[in-house]
Amino acid sequence: MELVNHLNDRLLIAIPKKGRLYEKCSKILKDSDIYFKKNPRLDIALGTNLPIAIIFLRAADIPTFVNNGKCILGITGVDEVQECEQNDQISLAMDLNFGNCKLQVQIPENSETIHTVEDLIGKTIVTSFVNLTKQYFMKLENCTDVSQLKTKVLYVGGSVEASCALGVADGIVDLVESGETMRACGLKAIETLLSTSAHLIENEEKIKELSEDLQKLTKVIKSRIQGVLTAQKYVYCNYNAPQENLPELLKITPGRRAPTISKIDDEGWVAVSAMIERKRKGDIMDDLVSNGASDIMVFEISNCRV
Ligand SMILES: Nc1ncnc2c1ncn2[C@@H]1O[C@H](COP(=O)(O)OP(=O)(O)OP(=O)(O)O)[C@@H](O)[C@H]1O
Ligand SMILES: O=P(O)(O)OC[C@H]1O[C@H](OP(=O)(O)OP(=O)(O)O)[C@H](O)[C@@H]1O
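Residues numbered from 1 in each chain as written. Chains lettered and ligands numbered in written order. Predicted model: local features only at pLDDT ≥ 70, side-chain atom pairs only at ≥ 80, totals over all residues. Heavy atoms only, no water.

By the naming in an unreviewed UniProt entry, the protein chain is ATP phosphoribosyltransferase, taken from Hanseniaspora guilliermondii. Turning to the protein chain, the UniProt record has this under Catalytic activity (unreviewed entry): "1-(5-phospho-beta-D-ribosyl)-ATP + diphosphate = 5-phospho-alpha-D-ribose 1-diphosphate + ATP". (UniProt positions renumbered as here; feature names shortened; annotations may be inferred.)

K.L.:
Sorry if this is basic, but what is going on with the pairing of strand 15 (residues 269-277) here?
P.N.:
A regular strand places its side chains so that they alternate between the two faces of the sheet. Within strand 15, seven of the nine residues are buried, which leaves the element mostly enclosed by the surrounding structure. The pairing of strand 13 (residues 234-242) with strand 15 spans nine bridges and is classified as antiparallel. Bridge pairing in strand 15 places N238 opposite S273. Pairing analysis gives four bridges linking strand 14 (residues 260-263) to strand 15, with the strands arranged antiparallel. The residue of strand 15 that forms the bridge with I261 is V272. (Buried < 20%, exposed > 50% of the residue type's maximum accessible area, 1.4 Å probe, protein only. Helix = DSSP H or I, 4+ residues; strand = E, 2+ residues; numbered from the N terminus. Pairing = 2+ DSSP bridges.)

K.L.:
Would you take a moment to explain the UniProt feature "domain: Histidine biosynthesis HisG C-terminal" (unreviewed entry) in the protein chain for this structure?
P.N.:
Following the UniProt record, one finds the feature "domain: Histidine biosynthesis HisG C-terminal" (unreviewed entry) at residues 231-303. Split by type, residues 231-303 is 27% helix and 40% strand. Its first and last C-alpha atoms lie 5 Å apart.

K.L.:
Sorry, what's going on with the sheet that holds strand 16 (residues 294-300) here?
P.N.:
Adjacent strands of a sheet pair through backbone hydrogen bonds, lying either parallel or antiparallel. A sheet is described by the order of its strands in space; here four strands give the open sequence 14-15-13-16, paired in antiparallel fashion. Each edge of the open sheet is held by one strand with a lone partner, namely strand 14 and strand 16. Going from strand to strand, the sheet's axes swing by 20° on average, the running direction of each strand aside. Contacts from helix 9 (residues 281-290) reach strand 13, strand 15 and strand 16, with the element oriented near 160° to strand 16. (Axes fitted to C-alpha atoms, helices over the stretch in contact; angles between N-to-C directions. Contact = heavy atoms within 4.5 Å.)

K.L.:
Help me out: how do you make sense of the site of ligand 1 in this one?
P.N.:
Neighbouring ligand 1 are 15 residues; K18, R20, R58, D79 and E80 lie closest to it. Note that an oxygen atom of ligand 1 is positioned 2.7 Å from one of the side-chain N or O atoms of R58. A distance of 2.8 Å separates an oxygen atom of ligand 1 from a polar atom in the side chain of E80. Contact with the protein chains hides 79% of the accessible area of ligand 1, taken as 630 Å² for the molecule alone. Along the lines of polarity and charge, the residues of the shell around ligand 1 split into four nonpolar, five polar and six charged. Of the residues that make up the shell around ligand 1, three or more belong to each of domain 1 (2-99 + 198-210) and domain 2 (101-196). (Near = heavy atom within 4 Å. Polar contact = N/O pair within 3.5 Å; in protein donor to acceptor, adjacent residues only side chain to side chain. Areas by Shrake-Rupley, 256 points an atom, 1.4 Å probe, with all protein chains shown as cover. Nonpolar A, V, L, I, M, F, W, Y, C, P; charged D, E, K, R; others polar. Domains from an automatic or database assignment.)

K.L.:
Honestly, the domain arrangement of the protein chain in this entry has me stumped. Any pointers?
P.N.:
One widely used convention gives an interface's size as the accessible area the parts lose upon coming together. With domains assigned, the protein chain is organised as domain 1 (2-99 + 198-210), domain 2 (101-196) and domain 3 (234-300). For domain 1 versus domain 3, the separation of C-alpha centres amounts to 40 Å.

K.L.:
When you look at helix 7 (residues 212-233) in this model, what are you seeing that I'm missing?
P.N.:
Helical geometry note: an α-helix holds 3.6 residues per turn, so side chains three or four residues apart project in the same direction. Its 22 residues give helix 7 an end-to-end C-alpha distance of 32 Å, which sits within 8% of 32 Å, the value for a rise of 1.5 Å per residue. Every buried residue belonging to helix 7 is among L214, L217, T218, I221, R224, I225, G227, V228, L229, T230 and A231, and all of these are buried. (Expected span 1.5 Å × (residues − 1).)

K.L.:
What exactly am I supposed to notice about the sheet that holds strand 9 (residues 152-155) here?
P.N.:
Overall, mixed pairing links the five strands, which are arranged 9-8-10-7-11 in an open sheet. Two strands close off the open sheet at either side, each with one partner strand: strand 9 and strand 11 (187-196). Averaged over all adjacent pairs, the angle separating strand axes in this sheet is 25°, with direction ignored.

K.L.:
Help me understand the UniProt feature "domain: ATP phosphoribosyltransferase catalytic" (unreviewed entry) in the protein chain in this model?
P.N.:
UniProt marks residues 58-222 with the feature "domain: ATP phosphoribosyltransferase catalytic" (unreviewed entry), using the numbering shown here. Here residues 58-222 is 28% helix and 30% strand, with 22 Å between the C-alpha atoms at its ends.

K.L.:
Just checking my understanding: could you explain the site of ligand 2 for this structure?
P.N.:
In the neighbourhood of ligand 2, the contacting residues comprise R20, G158, S159, E161, D174, L175, V176, E177, S178, G179, E180 and T181. A distance of 3.0 Å separates an oxygen atom of ligand 2 from a polar side-chain atom of D174. Contact between ligand 2 and G179: an oxygen atom at 2.8 Å from a main-chain N or O atom of the residue. When ligand 2 sits alone it has 500 Å² of accessible area, and the protein chains cover 70% of it. Among the secondary structure elements, those contributing two or more residues to the shell around ligand 2 are strand 10 (171-176) and helix 5 (180-184). The element that contributes the greatest number of residues to the shell around ligand 2 is strand 10, accounting for three residues. Classifying every residue of the shell around ligand 2 gives two nonpolar, five polar and five charged.

Structure representation (structure tokens):
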């Protein structure tokens, strides 16, 4: 394939080719001004504005490619990293704040015989997370060797939730976000093995072996993604205020480093600008009004470096 010849001097970044994380991964790259041109038939896309190549893989395969250093950076769930047998070269570089869910043990809610995880010892569990499930039951059973495990752990690649109703499993270990899927299947959670979210992952040792230019590029990419995350977390708040109220108002909007205070053409009044946390903006605006601020405006930040 001709494309392969263009990969040598590029930084390879693995992202999910489909599934729950695909859209948000594509968006975070676009918001970071990391552009690429993808041929729908190929799982490799060359960057159009940076010397990178995006490698589209199954979310579960991304840790393997980052661990062996072929891809230097990747985006996938922490669950996939922990499930991967060889993950010792992978560092979690950044929590991307999406793909939040929990890996839970679920049992039929009307089961008469199974109520706790201990009741599942010696029974059959179906899961896509065989390694994490075996590790969990080994601890529970107090055994040190997987061959001694009494609980049977079976792999299926999807629709795990159907396994109990089909009589294949006594319990399952699967991801849960809203809980809708498990409720619809008559299942209930009895234990959480892991809370997970999508992360930027990296192979730090392989980064050290890159050319100086590609090492710099790695830093630039991480800084751009961090900028997008910060822009998602904050909004920009502007207001006018009587000078004498400033001490109280600045406690409400201290800014990330410090607020900007500018003179305006109105004796005794100033304009204040500061970044504020998006999730607190309603309370902050209410407090500003109560403390004499006016003309309060809140703006989206589309990107930033702070
Ligand atoms: N319901 C969910 N809510 C939020 N994040 C989820 C959810 N289900 C899965 N994830 C996250 O997305 C990752 C990929 O899961 P997804 O089911 O989309 O994989 P997939 O690419 O369809 O897998 P496969 O190729 O094995 O079918 C999971 O490892 C997890 O980190
Ligand atoms: O708690 P909820 O919001 O309902 O989400 C949970 C569901 O999402 C995941 O499956 P997905 O839909 O990705 O498909 P899959 O079963 O083929 O893995 C997971 O395996 C559950 O089935």
